[in-house]
Amino acid sequence: MSNRDLHRHGRPYLATPLNKQDLADHPSTQFDIWMQEALESDILDPTAATLATVSQKSQPSARIVLIKAYNKTGFVFYTNYTSRKATDLEKNPKACLLFFWASVYRQVRIEGKVKKIPLEMSSKYFHSRPFESQVAALTSSQSSLLQNRKQLEQAFTKNCKKYCSLSVPYPDSWGGYELLPHYFEFWQGRPNRLHDRFIYTQEDSQWVKQRLAP
């Protein structure tokens, strides 16, 4: 591996000011405002978020998930219940979501507890997915070891033929989670690295806004 120096790689952050009085009283409302603006922009995959979990042995890990729904209660994503993230959440049901929208100099960090969503909700979404996505979820035992890619592709092709004229059975090993937030941070990049950062924390069931140093 080369000894690569990346110190000079970077760019200025040129967003407009973010002021406390301009933020919504509820963090989910503020998130919805920013998400709507992200959806209307040219951002690639604006619903993608980094999901960070911690194992029973205190080992952090992170990966990208797609958020499929959110409201004032929580944020919903789907995965395989045998995956590493699911194993982490089974032992330590706390996680963090991070949305990073580089082209508009924004990120949102959300921390909270995670729980499985009802089976009926997971099954309904599963059967709304494209046929190939349903078969892929049924075929792959996520995070398990494979001998080679051919093994996976052959199993996928076999299941596509098997269920081409049938309803793909809902796999018990697949479903959704909901992250129930207790902390939000809204970050907006500003010139000279003097970024605007605001957090929402809960006090006596009320959300309190505060500014953080960049």
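To keep things clear, this report deals only with the structure shown in the data block. Just so it is clear, the model here is predicted, and its values are computed rather than measured. (Residues numbered from 1 in each chain as written. Predicted model: local features only at pLDDT ≥ 70, side-chain atom pairs only at ≥ 80, totals over all residues. Heavy atoms only, no water.)

Along its length, the protein carries five helices and nine strands. Along the chain direction, N to C, the helices and strands of the protein fall in the order α-β-β-β-β-α-β-β-α-α-α-β-β-β. Along the first, second and third principal axes, the C-alpha atoms of the protein reach 55 × 50 × 40 Å. Counting across all 214 residues of the protein, residues that qualify as buried make up 40%. Within the protein, contacts between residues separated by at least 24 positions form 65% of all contacts whose residues are at least 6 apart in sequence. (Helix = DSSP H or I, 4+ residues; strand = E, 2+ residues; numbered from the N terminus. Buried < 20%, exposed > 50% of the residue type's maximum accessible area, 1.4 Å probe, protein only. Contact = heavy atoms within 4.5 Å.)

With that settled, consider the nonpolar core. Counting residues in hydrophobic clusters, the biggest one holds 30 residues, and the most contacted among them are Phe31, Ile67, Leu97, Phe99, Trp101, Val108 and Ile110. Of all the secondary structure elements, the ones that give two or more residues to this core are α1 (27-39), β1 (48-54), β4 (75-80), α2 (84-91), β5 (94-101), β6 (106-116), β7 (174-188) and β8 (196-203). Setting aside its immediate chain neighbours within four residues, leucine 97 contacts Ala49, Thr50, Leu51, Val65, Ile67, Phe75, Val108, Arg109, Ile110 and Leu179. In this structure, Tyr78, Ile117, Phe126 and Cys160 belong to the second largest nonpolar core, which totals eleven residues. (Core = buried A, V, L, I, M, F, W, Y, C linked by side-chain atoms within 4.5 Å.)

This part is about the packing of aromatic side chains. Counted according to the given criterion, the structure contains 21 aromatic pairs. On the numbers, 5.3 Å between centres and 80° between planes, the contact of tyrosine 81 with tyrosine 177 is edge-to-face. Here tyrosine 81, found in the loop between β4 and α2, pairs with tyrosine 177, found in strand β7; they are 96 residues apart in sequence, far enough to count as distant. A connected cluster of aromatic rings, assembled from ring pairs, spans Phe31, Trp34, Tyr70, Phe75, Phe99, Trp101, Phe184, Phe186, Tyr200 and Trp207. Above the ring of tyrosine 81, the side-chain terminus of lysine 116 is found at 4.1 Å from the ring centroid. (Phe/Tyr/Trp six-rings, centres within 6.5 Å; stacked < 30°, edge-to-face > 60°. Lys NZ or Arg CZ within 6 Å of the ring centre and 35° of its normal.)

Looking now at the packing of helix α4 (residues 131-139) against helix α5 (residues 149-162). Their axes nearest at 9 Å, the elements α4 and α5 cross at an angle of 125°. Classified by the angle their axes make, α4 and α5 are oblique. For the pair α4 and α5, the sense of crossing is right-handed. Across the interface between the two elements, Phe131, Glu132, Val135, Ala136 and Thr139 from α4 touch Leu152, Ala155, Phe156, Asn159 and Cys160 from α5. A per-class count over the contact of α4 with α5 returns seven nonpolar, two polar and one charged. (Axes fitted to C-alpha atoms, helices over the stretch in contact; angles between N-to-C directions. Parallel < 35°, antiparallel > 145°, perpendicular 65-115°, else oblique. Left-handed = near helix turned anticlockwise from the far one by under 90°. Nonpolar A, V, L, I, M, F, W, Y, C, P; charged D, E, K, R; others polar.)

Even without being glycine, aspartate 45 reaches a positive phi, approximately 50°. With respect to the element layout, aspartate 45 can be found in the loop between α1 and β1. One non-glycine residue, tyrosine 105, lies in the positive phi region at around 60°. Tracing the backbone shows tyrosine 105 in the loop between β5 and β6. Exposure remark for tyrosine 105: the relative accessible area of 17% places this residue in the buried category.

This brings us to the pairing of strand β2 (residues 60-66). Residue alternation in β2 divides its side chains into a buried set, Ser61, Arg63 and Val65, and an unburied set, Pro60, Ala62, Ile64 and Leu66. Two strands pair when backbone bridges link them, and β1 and β2 are joined in this way by seven bridges, in the antiparallel orientation. Each residue of the ladder has a partner; that of alanine 48, found in β2, is leucine 66. A loop of five residues connects β1 with β2, the two strands running antiparallel in sequence, and serine 58 in this loop sits at a positive phi of about 70°. (Pairing = 2+ DSSP bridges.)

Next up on the list: the pairing of β8. Counted residue by residue, β8 has six buried out of eight residues, so it is predominantly covered. Sheet topology places β7 next to β8; six bridges connect them, and they run antiparallel. Counted as the bridge partner of phenylalanine 184 is tyrosine 200 from β8. Following β8, the chain reverses through two residues before pairing antiparallel with strand β9 (residues 206-212); aspartate 204 in that reversal takes a positive phi of roughly 55°.

Any link to function would need more than the numbers given here.
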